[in-house]
Amino acid sequence: MSVACEHRVRLVDVEGATLEVFECTAPGVTDPARLVLCLHGFPEHAHAWRHQMEPLARLGHRVWAPNLRGYGNSSRPPHMRDYAIETLMDDVAGLVDASGARETVLVAHDWGAIIAWYFAMRRVRRLARLVIMNVPHPEPVAREFRVNALQRRSSWYTLFFQIPGLPERLLGRRGAEGVAELFRTGTVREGAIGDDDAEVFARNARQPGALKAMVDYYRAMGRGGGAARQRRLGHPLIEVPTLLIWGEQDVALRKAGTYGTEAWVDPLTIRYLPHCSHWVQQDDPALVNAMLTAFLDDAPVPHAAGARGDRDPARLPA
């Protein structure tokens, strides 16, 4: 008989913000010194990890899924500069410190994955393992933006988000119905994100100032200069064991952005999911969870049925 997991919500103070954290533990199993920290993306919420928290807790980890600043009941500072990539990394460091963990695994998707890539390469805190979902490493994605017109067209929204005021007004129309629709219709598996789940994301977006905060992540990285500052620092090799999980039917980020990642991350494991969207951990949670648990158990990571090209990354096509 499996042990019932315990769920709680806590508020954790980090420098300059208070973050709402959803915690999952398996009584009698969880080691408080082993933390899995799950970072959600745009325009999500910690709810995006609802399928992963219990399986990860049953491995013996304490699992924290924070609402990043600007989301949920976390602090929502008003200025674009408050969402600089350096500040977002400091928030993650503050969570690691507050947890008291001696071993930390970062599991991250979308904007959470952007933060996680930089957090790992800057070695802000020591990591035991890193799991990235559907965001390329900064170097290969920069290459794709230079050479791949399809990638530039697919990511048009990143430029649109630099416009003051307009993106949040459009996303917020009709009670943020567009946000709900993005999730309801954005998966490959029909109904993978149901109406109730989509409403969690829409309700989150309806909070005063929430959409501005979410879009300010992009603005702080673009016209706020975050990307340029990080480029000047360079992209040193990430030596944390890393799993890159990729839903191939991502309409915004192309699979080619994963090619060449092994030059910047070692050791690296890549797994492609041909029948999953950008919202990969919600689209096929059973398969993603099998990959996660195998990776954290140091077991062979399973392949998706029909996957092509996720053999040894050194042999991936350029």
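Above: the structure in question.
As a starting point, this report considers the structure included with it.

1. Some remarks on the pairing of strand S8 (residues 268–273)
Extensive coverage of S8 is indicated by the burial of five of its six residues. Sheet topology places strand S7 (residues 242–247) next to S8; six bridges connect them, and they run parallel. Looking at the pairing, Thr242 lines up with Leu268 of S8.

2. Re the environment of Pro302
Tracing the chain through its elements places Pro302 in the segment after helix H13 (285–296). Residue classification places Pro302 among the partly exposed positions, given a relative accessible area of 28%. With residues near it in sequence (within four places) discarded, Pro302 still touches Arg271, Ala290, Met291 and Ala294.

3. Some points on the packing of helix H3 (residues 111–121) against helix H10 (residues 210–221)
Across the interface, H3 lies against H10 with an axial gap of 11 Å and an inter-helix angle of 40 degrees. In this view, H3 runs oblique relative to H10, as classed from their interaxial angle. For the pair H3 and H10, the sense of crossing is left-handed. Where H3 approaches H10, its residues Trp111, Ile114, Ile115 and Tyr118 are matched on the opposing element by Tyr217, Tyr218 and Met221. For the contact of H3 with H10, a count of residues per class yields seven nonpolar, no polar and no charged.

4. Looking at H13
With twelve residues, H13 should reach 16 Å at 1.5 Å per residue; the first-to-last C-alpha distance of 16 Å fits that figure. Extensive coverage of H13 is indicated by the burial of ten of its twelve residues. Taken together, the buried positions of H13 are Pro285, Leu287, Val288, Asn289, Met291, Leu292, Thr293, Ala294, Phe295 and Leu296. Where H13 terminates, the next one or two residues include Asp298, which has phi positive at roughly 60 degrees.

5. Considering H10
Between the first and last C-alpha of H10 there are 18 Å, a value that for twelve residues agrees with the 16 Å anticipated at 1.5 Å per step. In terms of residue burial, H10 counts as a mostly covered element, since eleven of its twelve residues are buried. All buried positions along H10 are accounted for by Ala210, Leu211, Ala213, Met214, Val215, Asp216, Tyr217, Tyr218, Arg219, Ala220 and Met221. Where H10 is buried, its residues touch helix H2 (85–99), H3, helix H6 (156–160), helix H7 (166–171), helix H9 (195–206) and helix H11 (226–233).

The rules behind the values
- Within every chain, residues take consecutive numbers counted from 1 along the sequence as written.
- Residues qualify for local features only when their pLDDT is at least 70, as the model is predicted, and side-chain atom pairs are given and counted only at 80 or more; totals for whole chains, interfaces and linings, by contrast, use all residues.
- Heavy atoms from the whole structure form the basis of all side-chain values; hydrogens and water molecules are not counted.
- Burial classes: relative accessible area under 20% of the type maximum marks a residue as buried, over 50% as exposed, and values in between as partly exposed (1.4 Å probe, protein chains only).
- We count a stretch as a helix when DSSP gives it H or I for four or more residues in a row; a strand needs E for two or more, and each element gets its number in order from the N terminus.
- Between any two strands, pairing holds if DSSP finds at least two bridges.
- In this analysis, two residues are considered to be in contact whenever any of their non-hydrogen atoms come within 4.5 Å of each other.
- Under this scheme, a helix contributes an axis fitted over its contacting stretch, all axes are lines through C-alpha atoms, and angles between N-to-C directions fall in the 0 to 180 degree range.
- Each angle gets one of four labels, with under 35 degrees taken as roughly parallel, over 145 as roughly antiparallel, 65 to 115 as roughly perpendicular, and the rest as oblique.
- Crossings are assigned a handedness: left-handed for a near helix turned anticlockwise from the far helix by less than a right angle, right-handed for a clockwise turn.
- Throughout this entry, Asp, Glu, Lys and Arg are counted as charged residues, while Ala, Val, Leu, Ile, Met, Phe, Trp, Tyr, Cys and Pro are counted as nonpolar. The remaining residues, Gly among them, count as polar.
- To estimate the expected span of a helix, count its residues, drop one, and scale the result by 1.5 Å.

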